[in-house]
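Given next are the chains, with one letter for each unit.
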Amino acid sequence: MSDYGIPTLKENIDRETVDQVLALDVDKYKYGFETDIESDMAPKGLDEDTIRFISAKKEEPQWMLDWRLEAFRRWQTMIEPTWARVKYPKIDFQDQHYYAAPKGSSGPKSLDEVDPELLRTYEKLGIPLSEQKILAGVQEDGNGEATPFSGNVAVDAVFDSVSVVTTFRKELAKSGIIFCSISEAVREYPELVQKYLGSVVPVTDNYYATLNSAVFTDGSFVYIPKGVRCPMELSTYFRINERNTGQFERTLIIAEEGSYVSYLEGCTAPMRDENQLHAAVVELVALDDAEIKYSTVQNWYPGDKNGKGGIYNFVTKRGDCRGKNSKISWTQVETGSAITWKYPSCILRGDGSRGEFYSIAISNGHQQVDSGTKMIHLGKNTSSRIISKGIAAGFSDNTYRGQVSCHRKATNARNFTQCDSLLIGDTCGAHTVPYIESRNSSAVFEHEATTSKISDDQMFYCLQRGLSEEEAVALIVNGFVRDVLQHLPMEFMVETQKLIGISLEGSVG
Amino acid sequence: MNIQAPIRLSAAEESLASQLDSVGAEGLATLVRDKGLPTRRVESYHYTDLKMLLNDVPPLASAAQAGGAPATDIAGAYRIVVANGIVQNSGTAPAGIAVGTVEGPVMASRDDLIVSLNGALGKQALGLDLTGDVDPVIHVDHRFEGAAAHVLSRTRIAVAAGAKATIIETVSGSDAAHLGNLATHVSLGEGAEVTHIVVDMSALQARQFSNLEYRIEANAKLKSVMINAGAALARAQVFADFVGEGAHSDFLGLNVADTDEHRDITLDISHAVPNTTSTELYKQIVRGRGKGVFQGKITVVKDAQKTDAKMMTQGLMLSDEAEILAKPELVIYADDVVCGHGATCGDLDETSLFYLMSRGIPRADAEVMLIRAFLAEIVDAVENESVSEVLTDIVERWLSKDV
């Protein structure tokens, strides 16, 4: 945006909002450096040998390899989906590496064995991996700014295709919590992995999920035992470094009966002219009365101001509220990626379960965002809430696409959806595509896309206490969002609140 | 899912392709053979999978004489009967109405199979040129006669600058598994004021596609009402293009669906110039295993600043086996616009029912009152009383139906 100047604005758009969006412009990407480190790579191309190579590198058992090969065979029969409002040249799946790992780090080790160059990279990104440092309260990134990952947070650091270190494992193990890379989990907890892997996102779910099932390299595995409230935030930090590679992350989180976990995810990549693919699958399982909060700060390299380079972020994230009264909430702050194709979803299977989706998607430059959520109501008395704000500037396109669906047996299902979009300048686009599918007469679904359509009762209540209409709207909508943010780590909240503070004025459906 | 498989043509697709061959529309015939009917993978047919829903295509209709009484009689209206797509003798036209026939497709070519089929297979179009303040309501009475047939009807209505008119089109026919495909193009000249209503009352064995297309010039005012109250499978497509500044349109519609009926209204509105406004209100009421579909897309192009569009869709579900599917979509490329959409879906409000019952009204009556109130917003929007009465009558007939 710096080159084509500040767009002329409508009078009623808040100046501060605009400045905040401009501060996030693609030119100002601050994580674009490259780490010079030697890597072990799989040869370019994708065939069964590539998959055997990955599986062998990870020292996987036979069942895992078979699972991957089965997925690969299915993937070959599938065609790429085209329904999303995004445009990109055809991806040549044979022209990239499917495995890249820093030399000598075939798996996470103790901290003192990790290449110091890697540690420096994470420090530069504001992710201190040394437990002593974290406990000593080092809370700054290379630029002296506080980051969401610098608090009392356990981190699994994934660099290209491998997890290089997972902090606080022993500490967490004391409470019976398993927090490790998925590769380790496959070897060490095969019964848990076999039971849950692919149970939320089936192998054949969609083109990219099937590809991921065949070639996934690393990601995190979390298991919270019955009745345990995870004592610290868990997080994974994904970094793409090598050229011509794709990152295929796989994360699996299982919350047993009555447990609670809050999980954070962050991601960055170097600035390059090429487009790199990040096709992840995240599966969450919440059993009876369990709660999972999953927060993402997505900051992949968005490409330069001419739309060259950047990450293709094609991600399948799904949570299964399998048990009664379970709860899954997704919070996402999306500012990166050249293309985002991502619909964190909740399957509300257990009676009384609850799904939430809070999203702020900001696009700039030539970014294309097609993101939203799915709330699938299957159980009785299930409820869901969707709050989405899309802000488009520059030449970007920002689409909210969300599905709310109610099964025949989902008596008393309830959904409230609100999505606002804001356009800054007349060269960008903001779109809303909700899919509302009701198959039970007692289900009540409400979808609103204007600030004036908050429930009349709530409005009346606020107005009647002397608030102006605008204050009332801000109070109600911010109330929804803050509700979740308050449960997040302090630094994350600060960062996100800057974005949430964005004025509602001048927004369009 | 997403599995690539060679197209296997259904019986309906085979018949369509050979009908297209018989009129020399080879291009479209090839398209049908290559791609088949639209499935749920085609975004605009996501909830109306024609490959699944359209099991057969009856033979192309032959010319027929209109027999019997009209499905509905509108007091004081000037009626033009179109039987199996052919314009019948319409008597002397009142002042301001010129009736004729037009050759060729009436709608712009669009990337849509139903519209293309009408363009390729239709024989004759009714042409109406309206000037001045047209007094009587114009009733275009489309009828399907005889045995099951594939009936294509076309109407082109040109409303001159400054003219005023109310036009109602009804679709009805004999008890046979007809396949109707109606296309109407209405162009509104500068400052024209038009109310255009299409009511599908075809027999419950029939399948009906209704395509409406509006071209709205500067300062024109349009009220468009689409009511799907007939056919086992009904899909109405409403296309509107704002091409002149200062125009305003209200788009309204209603799907009522019973038993196993599938009723779909799909809207595609393009605000292509600055300073145009529109409201959209579409309601659905379903019971039995009925399925109501509403898809509404409003596009605001880059330069169409100061557009104001408000879309609302509401669904009322009266049984647990019914379905309501809605997709109100906004595609916005201009930054100084106000566009909103809302969607609600649920059954009758218990609090309101309780209120009425606490005042001594039996539950069944209270329910009917609330349903009537729900539908009133659509029916009452039509200012012409005799037309409004006809619409009320259709709704009442549906309500009193024993299910």
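Small disclaimer: the values here were computed from a predicted structure and weren't measured.

Looking at the overall build of chain B
The helix and strand tally for chain B stands at 7 helices and 19 strands. Compactness check: chain B gives a C-alpha radius of gyration of 21 Å against a globular reference of 22 Å for 403 residues, within 12% of the reference. In terms of overall dimensions, chain B has a C-alpha envelope of 65 × 50 × 50 Å along the principal axes. The 403 residues of chain B split such that 58% are buried. Looking at chain B alone, contacts between residues at least 24 apart form 82% of all its contacts between residues at least 6 apart. Averaging the locations of the 33 positively and 54 negatively charged side chains of chain B gives two centres separated by 3 Å.

A short note on unusual backbone geometry
Even without a glycine there, the phi angle at Glu59 of chain A is positive, about 50°. In this structure, Glu59 of chain A sits in the loop between α2 (48–57) and α3 (62–76).

Digging into the pattern of salt bridges
Residues and elements named next belong to chain A. The full count for this structure, using the stated rule, is 49 salt bridges over all chains. Here Lys44 ties to Asp95 by a salt bridge, and the two come within 3.1 Å at their closest N and O atoms. Note that Lys44 is positioned in the loop between β1 (39–41) and α2 and Asp95 in the loop between α3 and β2 (100–102), a separation of 51 residues in sequence. By relative accessible area, Lys44 is classed as partly exposed at 40%. With a relative accessible area of 39%, Asp95 lands in the partly exposed category. Here Glu265 makes a salt bridge to Lys317, at a shortest N to O gap of 2.7 Å. With Glu265 in strand β9 (residues 260–268) and Lys317 in strand β13 (residues 310–321), this residue pair connects regions lying 52 residues apart in the sequence. Judged on exposure class, the residue Glu265 and its partner Lys317 are both buried. One network of salt bridges, with partners in common, ties together Glu291, Lys293, Lys327, Arg354 and Glu356.

Some details on the side chain of Thr50 of chain A
Residue and element names in this part refer to chain A. With respect to the element layout, Thr50 can be found in helix α2. Reaching out from Thr50, the side chain makes a polar contact with the backbone oxygen of Gly45 at a distance of 3.3 Å. Excluding its chain neighbours within four sequence positions, the residues that come into contact with Thr50 are Gly45 and Tyr98.

Re the UniProt feature "domain: SUF system FeS cluster assembly SufBD core" (unreviewed entry) in chain B
With numbering matched to this structure, UniProt assigns "domain: SUF system FeS cluster assembly SufBD core" (unreviewed entry) to residues 147–374 of chain B. The distance from the first to the last C-alpha atom of residues 147–374 of chain B is 37 Å, and the span holds 9% helix and 59% strand.

Concerning the interface of chain B and chain A
Taken together, the 41 residues of chain B in the interface contact 45 residues of chain A. Between chain B and chain A, roughly 3500 Å² of surface is buried when both sides are summed, and carbon and sulfur atoms account for 48% of that area. Here chain B and chain A share 3 salt bridges between them. Of the charged contacts, one joins Glu323 of chain B and Arg408 of chain A as a salt bridge, the two residues approaching to 3.5 Å between their closest N and O atoms. At the surface where chain B touches chain A, the tally comes to 17 residue pairs in polar contact (both at pLDDT 80 or more). Taken together, the elements giving at least two residues each to the side of chain B that touches chain A come down to β17 (308–317), β18 (323–332) and β19 (338–346) of chain B. No other element matches β18 of chain B, which puts 10 residues into the side of chain B that touches chain A. Here the side of chain B that touches chain A is composed, by residue class, of 21 nonpolar, 10 polar and 10 charged.

Things to note about the nonpolar core
One broad trend across soluble globular proteins is that nonpolar side chains are buried collectively. Membership of the largest hydrophobic core comes to 62 residues, with the highest contact counts inside it found for Phe93, Val215, Phe221 and Leu277 of chain A. Looking at this core, the element that brings in the most residues is α3 of chain A, giving 7 residues. Ignoring anything within four residues of it in the chain, the contact list for Phe93 of chain A reads Leu46, Trp75, Glu80, Tyr98, Tyr207, Tyr208, Leu211 and Leu277 of chain A. Ranked by size, the runner-up nonpolar core spans 58 residues in total, among them Ile138, Phe251, Ile269 and Ala309 of chain B.

Looking at a negative patch on the surface
Side chains of Asp320, Glu321, Asp347 and Asp349 of chain B sit close together on the surface and give a patch of like negative charge. Here Asp320 of chain B falls in the partly exposed class, since its relative accessible area comes to 40%.

A few points about helix α4 (residues 113–121) of chain B
Burial in α4 of chain B covers these residues: Leu113, Ile114, Val115, Leu117, Asn118 and Leu121 of chain B. With a side-chain oxygen positioned 3.0 Å from the backbone nitrogen of Ile114 of chain B, the residue opening α4 of chain B is Asp112 of chain B.

Observations regarding the domain arrangement of chain B
Residues and elements named next belong to chain B. Per the domain assignment, the segments making up chain B are domain 1 (61–348) and domain 2 (349–403). The gap between the C-alpha centroids of domain 1 and domain 2 is 24 Å. Counting residues at the interface gives 32 residues for domain 1 and 24 residues for domain 2. Interface area for domain 1 against domain 2, summed over the two sides, is near 2400 Å², with a carbon-plus-sulfur share of 74%. Its largest share of buried area at the contact with domain 2, domain 1 owes to Lys283, Arg287 and Leu348, together 28% of the area lost on that side. Scanning the region where domain 1 abuts domain 2 turns up 2 salt bridges. Here Lys223 makes a salt bridge to Glu383, at a shortest N to O gap of 3.3 Å. Taken together, the elements giving at least two residues each to the side of domain 1 that touches domain 2 come down to β7 (164–173), β9 (193–200), β11 (221–228), β13 (248–257), β15 (277–286) and β17.

Remarks on the confidence of the model for chain B
Segments scoring low in pLDDT should not have their predicted coordinates read at a detailed level. All names here are of chain B. For chain B, per-residue confidence averages 91 on the pLDDT scale, and 97% of positions sit at 70 or higher. Helix α7 (residues 385–400) is the least confidently modelled element of chain B, averaging 87 in pLDDT, while strand β12 (residues 233–242) averages 97, the highest of any element. The ipTM assigned to the predicted complex is 0.87, against a pTM of 0.84.

Things to note about the side chain of Glu280 of chain B
Residues and elements named next belong to chain B. Note on placement: Glu280 falls in strand β15. Buried within the structure, Glu280 lacks any salt-bridge partner; Lys310 is the closest side chain of opposite charge, at an N-O distance of 9.0 Å. A distance of 2.7 Å separates polar atoms of two side chains, one belonging to Glu280 and the other to Ser278. Excluding residues that lie within four positions of it along the chain, Glu280 makes contacts with Phe251, Leu267, Ile269, Ile298, Ala309, Lys310, Met311 and Met312.

Parameters and conventions
- Numbering of residues starts from 1 in each chain and follows the order in which that chain's sequence is written.
- In the order they appear in the text, chains get letters beginning with A and ligands get numbers beginning with 1.
- Only residues with pLDDT of at least 70 are given local features in this predicted model, and only at 80 or more are side-chain atom pairs given and counted; all residues enter the totals for whole chains, interfaces and linings.
- The basis for the side-chain values is all heavy atoms of the structure; hydrogens and waters are excluded.
- A run of DSSP states H or I qualifies as a helix once it reaches four residues; a run of E qualifies as a strand once it reaches two. Both are numbered from the N-terminal end.
- Put simply, the radius of gyration uses C-alpha atoms, and a globule should come to 2.2 Å times the residue count raised to 0.38.
- Only protein chains enter the accessibility calculation, which uses a 1.4 Å probe; a residue is then buried when its area is under 20% of its type maximum, exposed when over 50%, and partly exposed in between.
- We call two residues in contact whenever any of their non-hydrogen atoms come within 4.5 Å of each other.
- Neither His nor the chain ends contribute to the count of charged residues, in which Lys and Arg are positive and Asp and Glu negative.
- Where a charge sits is defined by one atom per residue type, namely NZ (Lys), CZ (Arg), CG (Asp) or CD (Glu).
- By convention in these notes, a salt bridge is any Lys or Arg side-chain nitrogen within 4 Å of a carboxyl oxygen on Asp or Glu.
- Polar contact is the term for a pair of N or O atoms within 3.5 Å; when the atoms are in protein, one must be able to donate a hydrogen and the other to accept it, and sequence-neighboring residues count only if both atoms are side-chain atoms.
- UniProt positions are given in the numbering used here, feature names are shortened, and annotations may be inferred rather than shown by experiment.
- Summed over both partners, the accessible surface that disappears when two parts come together, traced with a 1.4 Å probe, is what is meant by buried area.
- In this count, Pro and Cys sit with the nonpolar residues alongside Ala, Val, Leu, Ile, Met, Phe, Trp and Tyr, while Asp, Glu, Lys and Arg are called charged and the others, Gly among them, polar.
- Among buried residues, those of type Ala, Val, Leu, Ile, Met, Phe, Trp, Tyr and Cys that are joined through side-chain atoms within 4.5 Å constitute a nonpolar core.
- Patches in this entry comprise residues that are over 30% relatively accessible and not in a salt bridge; like charges within 9 Å are linked, as are nonpolar side chains (Val, Leu, Ile, Met, Phe, Trp, Tyr) within 5 Å.
- Per-residue and other accessible areas were derived by the Shrake-Rupley procedure at a 1.4 Å probe size, with only the shown protein chains allowed to occlude residues.
- The source of the domain bounds is an automatic or database domain assignment.
- On a scale of 0 to 100, pLDDT captures the predictor's confidence in every residue.

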